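Spelled out from the first residue to the last, the chains are:
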Amino acid sequence: MFVYGFAFSEFDSALVAWNHGDQKLQKPGRALRFGLRFGTILGRMDKKNEAVKKFYVTTAIDYVNGQPHLGHAYEKVITDVIARAHRSLGEPCFFLTGLDEHGQKVQQAATAEGKSPQAYCDELAESWIALTKTLQLTNDDFVRTSEPRHKKVVQATLSKLHEQGHFYKAEYRGFYSTRQETFLTEKDRLPDGTFDAIYGEVTELVEQNYYFKLKDHQQWLIDYIQAHPDFIAPDYRRNEVLGFLKNNTLEDLCITRPAARLSWGIPLPFDSDYVTYVWFDALVNYITIPAAHGDPLLAESLPTLGGQPEQVSLWPAAIHVIGKDILKFHAVYWPIMLKAIGLPLPHQILAHGFWQKEGQKISKTTGNIIDPVAIINEWGIDAFRFYVTRELAIGPDGNWTDAGFQGRYQAELANGLGNLVNRSLSMLKRYRAGQVPAPHSELAGDAATAVTQVERQLRAHELQAALLTIWGLITRANQYVDQTAPFKLAKDPSQAHRLDEVLYNLAETCRIIAILVNPFLPTTAAKIYTQLGLSSEPNTFADARWGILTHGHQIGEPSALFPRRDQPKTNS
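Residues numbered from 1 in each chain as written. Predicted model: local features only at pLDDT ≥ 70, side-chain atom pairs only at ≥ 80, totals over all residues. Heavy atoms only, no water.

Student: How do you make sense of the sheet that holds strand β17 (residues 355-357) when you look at a structure like this?
Tutor: Paired through backbone hydrogen bonds, the strands of a sheet run either parallel or antiparallel to each other. Spatially, β18-β17-β19 is the arrangement adopted by the three strands of the open sheet, whose pairing is mixed. The open sheet is flanked by β18 (360-361) and β19 (398-400), the only strands paired with a single partner. As judged from the three bridges shared by β17 and β19, these two strands associate in the parallel manner. Within β19, the residue paired with Gln356 across the bridge is Asn399. Strand contacts of helix α15 (residues 381-391): β17 and β19, with the helix running at about 145° to β19, the strand carrying the most contacts. (Pairing = 2+ DSSP bridges. Helix = DSSP H or I, 4+ residues; strand = E, 2+ residues; numbered from the N terminus. Contact = heavy atoms within 4.5 Å. Axes fitted to C-alpha atoms, helices over the stretch in contact; angles between N-to-C directions.)

Student: Got a minute to help me understand the nonpolar core in this structure?
Tutor: Buried together is how nonpolar side chains tend to be arranged in soluble globular proteins. Core analysis: the biggest nonpolar cluster contains 89 residues, and Phe384, Trp400 and Trp471 have the highest contact counts within it. Tallying contributions element by element places helix α20 (residues 496-517) first for this core, with 13 residues. Within the second largest apolar cluster, 79 residues are counted, among which are Ala60, Phe94, Ala110 and Leu298. (Core = buried A, V, L, I, M, F, W, Y, C linked by side-chain atoms within 4.5 Å. Buried < 20%, exposed > 50% of the residue type's maximum accessible area, 1.4 Å probe, protein only.)

Student: Got a minute to help me understand helix α17 (residues 444-459) in this structure?
Tutor: Three or four residues apart is the spacing at which side chains of an α-helix point the same way, because the helix has 3.6 residues per turn. Taking 1.5 Å of rise per residue, 16 residues should cover 22 Å, and α17 covers 22 Å from first to last C-alpha, within 8% of that figure. Here α17 has its buried residues at Ala444, Ala447, Ala450, Val451, Val454, Gln457 and Leu458. Along α17, the residues classed as buried sweep out an arc of 155° about the axis, all on the same side. At its buried positions, α17 is contacted by α4 (70-88), α18 (463-484) and α20. Immediately beyond the C-terminal end of α17, within one or two residues, lies His461, with a positive phi of roughly 60°. (Expected span 1.5 Å × (residues − 1). Arc of directions from axis to C-beta.)

Student: Help me understand the packing of helix α16 (residues 402-432) against α20, please; the structure alone is not making it clear to me.
Tutor: For any two helices packed against each other, the geometry is given by the interaxial angle and the distance between the axes. Between α16 and α20, the least distance of the axes is 10 Å, while the angle of their chain directions is 140°. With respect to their mutual orientation, α16 and α20 come out oblique. Crossing handedness for the pair α16 and α20: left-handed. Along the contact surface, α16 presents Leu417, Leu420, Val421, Ser424, Met427, Leu428, Tyr431 and Arg432, while α20 presents Ala496, Leu499, Asp500, Leu503, Leu506, Ala507, Cys510 and Ile513. (Parallel < 35°, antiparallel > 145°, perpendicular 65-115°, else oblique. Left-handed = near helix turned anticlockwise from the far one by under 90°.)

Student: I'm lost on the side chain of Gln348 in this one. Help?
Tutor: Note that Gln348 resides in strand β16 (residues 348-352). A distance of 3.1 Å separates the side chain of Gln348 from the backbone oxygen of Asp230, its partner in a polar contact. Other than its neighbours up to four places away in sequence, Gln348 contacts Asp230, Phe231, Ala233, Ala318, Ile319, His320 and His461. (Polar contact = N/O pair within 3.5 Å; in protein donor to acceptor, adjacent residues only side chain to side chain.)

Student: Just to check I follow, could you spell out the sheet that holds strand β8 (residues 202-212) for this structure?
Tutor: Strand order in the open sheet formed by four strands is β7-β6-β8-β10, with antiparallel pairing between adjacent strands. In this open sheet, the two strands that pair with only one neighbour each are β7 (182-184) and β10 (253-254). Relative to β10, β8 runs antiparallel, the two sharing two bridges. Bridge pairing links Tyr211 to Cys254 in β10.

Student: Looking at this structure, how should I read unusual backbone geometry?
Tutor: Most peptide bonds are trans, and most residues other than glycine sit at a negative phi. A cis amide bond links Ala233 with the next residue in sequence, Pro234, at an omega value of -5°. Inspection of the secondary structure puts Pro234 in the loop between β9 (232-233) and α9 (235-247). One non-glycine residue with positive phi stands out, namely Glu358, at about 50°. Relative to the assigned elements, Glu358 resides in the loop between β17 and β18. The exposure class of Glu358 is partly exposed, given its relative accessible area of 42%.

Student: Explain the environment of Trp379 to me, please; I cannot follow it from the model alone.
Tutor: For Trp379, the position within the fold is in helix α14 (residues 372-379). Along the primary structure Trp379 and Tyr409 are separated by 30 residues, whereas in three dimensions their C-alpha atoms are 8.9 Å apart.

From the geometry alone we can't say anything about function, so treat these as descriptive.
Structural data, given as structure tokens:
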């Protein structure tokens, strides 16, 4: 209504002026511009029902069976960097993270603590929501699968698939792993007849359940993945999924658990004796939030949800960022579910690797753990965000070492970025009373090359590569200080003009670096802008062009961005 109201009021005012002989409007040029403007207004009115498509990026939702660890924090940070980067590049973005709260493990853990499952989840959720603040995530929503809005979408999805004949009921005879919330077959046995320790206690079951027809879509999925080479990344994960699909016959997916055995779940809308299998429940979260925000595509696909679509379009997702261990669920089950629902597939499933600590598996049992919150409290959020994105590209496994963390902090943050900004602005303050000299472009080419390369790398989600490019510019600027020796130029009055040139190049390079590092180190980027005396935010990539600092601009007070630590502490 606002769009219509605005358009008509704007048109009426202009039309009244025309009818009353407004001489300005009746001049030929004015008349042409009026006609063009009226056409624009009508165009806006025609598009009033078109939703604005946003770059929709998600993390996996975390299972509430404990406190957050390094792997959880890493996944959230890289997704946040991707979201911030796209916003900086001028693309509207929506970032989702959240919690997976249903399932037998949660029910058993809650019972063991004498709590209801909901109370147990509510208590743990506080820690996970607090983590989003600690990590400085810019998520636009936080989904919990115990929320009514999620239950509504899951049940609407189940009803539609049931009505269209995608489910059938059959007896299950086999083995069940409570730890992994999954059914096992004879194929899963080890040569000695036992099951891998990752499955924990395995019990034999005989029970009736509902099944989703997966195998009917197997060839379609193979064809789809082959026709869309970017659908699964990195490429070796794509090859892994294709190998699985080509060498195995998909078994239909059991999508229920009897309510008599598991009550903590979303009831089937067509059979109250069953609750939904935790993975079928969890994957739907990715469309729950678009539906909750009135996405027109979801409103059309699941009309039983009711309500009016808003002017926000999220689906299909641009990227699902996940761990490699849940690739099958996202690259096999989820695409087939979406096809059955009648929705397009996400553009990409981006699978990251795992972290080790000091070359050993991270494990609460052995005590070989990393507490991200403790590290952040000791070293600062940007030091943590830098290390996990700089140390590990998205895809392979990584190895956290305390020495490596401390080394990167000292060499790249303190001696690299911190030293460049501090000495550049301190010299500008000392030699020119903090006033920016006339523009000069000696480092403009280096900056432009870095900006172009970083933009390409951010769009390709090559985060580690982008940091390497940025630090290449930082190194170049530090070398420039050593080569030009402004502290020597300052002693020679005849070199005043040359000193001005050097100081401008350094200050402007620091400004551009702030914009480039902002998706990774938002606190540091803001501090650089403050020290430069800039009231705007370093969150617009288009501003990373040379020459925006003006002659006579007064900078703020320089201060250390990353205080050096001569005797760093151990953080595990």
